[in-house]
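The lines below spell out each chain.
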Amino acid sequence: MRRLIPTGEAERPVAFAEVPPPLPEPAEALIKVEAFAPNRGETFLLERPRPGLLPGKDVAGLVVQAAADGSGPGIGTRVVGHPAQGGWAEYAAVPTDSLAVLPDGVDSERAAALPLAGITALRLLRTAGSLAGRRVLLTGASGGVGHYVTELAVGAGAELTAVTATPARGERLAAMGAQVVHRVADARGPFDVVLESTGGPDLPLALAKVRPGGVVVWFGQASRTPVTLDFFQLLEGPERVTLQHFHYAGAPYGLDLATLVRLVEQGRLHPEIGRTADWAETADTLVDLRERRIRGKAVLLTGGTP
């Protein structure tokens, strides 16, 4: 079968290789991949790939071999999955507790855009707590996570301000009901909750806009610039602010995937897909994703639809 493997080259991060199909563990199903969605964090891993790296965590396709232990969906079932690795291939082995069945109304393209970004958004909002009537600031809002967070938070009754680099990257967020600004400094606080994903100088600026007793949930560093906090500057800002580190990871993922699929099927969640392409264009797509030239998610199609 064909698989995309790292090259270590900045302008051509992956290339095709012919390899044997994966051998599933007893609690894994073998999926014929129809679509997959890379994440920006994966582009960073490809800059200096560790030996044996097999990228790919977000896939959708068809079960062609059910799990040997009897768990999970049977042969012929359409699914979305979140394996630990190996999804950028014609076939992927996925733990059955990290799969969700797809209804007829949810296609593989939209499904593939759900896993990492959607699960992150769900778990991030659970961490933030009830948002009805609360003022929320979201930085780095124009990526996959940001679009999901915005739609879900606004739908839950939050008054959300989204920070994007350009007006074009904020158009969809504004249509969802967010107040869009292009610098953290321009956001009008105070905020009950800050969801901060860019790091660098933005986190201290966002921290200063939290109300006393508010919460900052730090879930990324998309700027790739470390954060510097000054204790004495904090004394000049709001008091008793909680700064909480957040990382989405923690299998199983199946229940959260099923929630996301249900929301899409009901028309309550709409994946923002900025590019759909054949997987022959994966290398160029990864470069554009890394350089923030794609709004929302990118989805690659393998041509594996039966």
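Structure: above.
**Q** Any chance you could explain the nonpolar core here in plain terms?
**A** Core analysis: the largest hydrophobic core is formed by 48 residues, its most contacted members being Leu131, Val149, Leu195 and Leu269. Per-element accounting of this core gives the leading share, eight residues, to helix H3 (residues 115-128). Judged by nonpolar contacts, the second largest core, of 20 residues, contains Val63, Val79, Ala92 and Trp279.

**Q** Help me understand the side chain of Asp58 in this model?
**A** Of note, Asp58 is situated in the loop between helix H1 (40-45) and strand S4 (59-65). The class for Asp58 is buried, based on a relative accessible area of 0%. Among the polar contacts listed, one links the side chain of Asp58 to the side chain of His82, at a separation of 3.1 Å. In this structure, Asp58 is in contact with Ala35, Phe36, Ala37, Asn39, Gly81, His82, Ala112, Pro115, Leu116 and Lys297, ignoring residues within four places of it in sequence.

**Q** What am I meant to see in the packing of aromatic side chains here?
**A** The description of an aromatic ring pair rests on the distance of the ring centres and on the angle between the ring planes. Inspection of the entire model under this criterion finds four aromatic pairs. Centroid distance Phe16 to Trp279: 4.8 Å. Interplanar angle 80°. Geometry classified as edge-to-face. Taken together, the residues span a long stretch of sequence, with Phe16 in strand S2 (residues 14-18) and Trp279 in the loop between strand S14 (273-278) and helix H9 (282-290) at a distance of 263 residues. Residue classification places Phe16 among the partly exposed residues on the basis of a relative accessible area of 34%. Of the residues examined, Trp279 reaches a relative accessible area of 1% and is grouped as buried. Each ring, one from Phe36 and one from Trp279, has its centre 6.2 Å from the other, and the planes form 75°; the classification is edge-to-face. In this pair, Phe36 is assigned in strand S3 (residues 28-36) and Trp279 in the loop between S14 and H9, connecting sequence segments 243 residues apart. By the ring-pair criterion, three or more aromatic residues cluster together here, those being Phe16, Phe36, Trp88 and Trp279. Note that Arg224 overlies the ring of Phe44, its terminal NZ or CZ placed 3.9 Å from the centroid.

**Q** I keep staring at the side chain of Glu34 and nothing clicks. Help me out?
**A** Note that Glu34 resides in strand S3. Buried and without a salt bridge, Glu34 has Arg78 as its closest oppositely charged side chain, separated by 5.0 Å. A polar contact is formed between the side chain of Glu34 and the side chain of Ser108, at a distance of 2.6 Å.

**Q** Would you take a moment to explain the pattern of salt bridges for this structure?
**A** Here the structure, examined in full by the defined rule, presents 15 salt bridges. For the salt bridge of Arg224 with Glu47, the shortest nitrogen-to-oxygen distance reads 2.9 Å. Placement of Arg224 in the loop between strand S12 (210-218) and helix H7 (231-235) and of Glu47 in the loop between H1 and S4 is noted, with a sequence separation of 177 residues between them. Note on Arg224: relative accessible area 41%, which makes it partly exposed. A residue is classified by how much of its surface remains accessible, and Glu47, at 28% relative accessible area, is partly exposed. With a shortest N-O distance of 3.9 Å, Asp58 and Lys297 are connected by a salt bridge.

The rules behind each value
- Residues numbered from 1 in each chain as written.
- Predicted model: local features only at pLDDT ≥ 70, side-chain atom pairs only at ≥ 80, totals over all residues.
- Heavy atoms only, no water.
- Core = buried A, V, L, I, M, F, W, Y, C linked by side-chain atoms within 4.5 Å.
- Buried < 20%, exposed > 50% of the residue type's maximum accessible area, 1.4 Å probe, protein only.
- Helix = DSSP H or I, 4+ residues; strand = E, 2+ residues; numbered from the N terminus.
- Polar contact = N/O pair within 3.5 Å; in protein donor to acceptor, adjacent residues only side chain to side chain.
- Contact = heavy atoms within 4.5 Å.
- Phe/Tyr/Trp six-rings, centres within 6.5 Å; stacked < 30°, edge-to-face > 60°.
- Lys NZ or Arg CZ within 6 Å of the ring centre and 35° of its normal.
- Lys, Arg positive; Asp, Glu negative; His and termini not counted.
- Salt bridge = Lys/Arg side-chain N within 4 Å of Asp/Glu carboxyl O.

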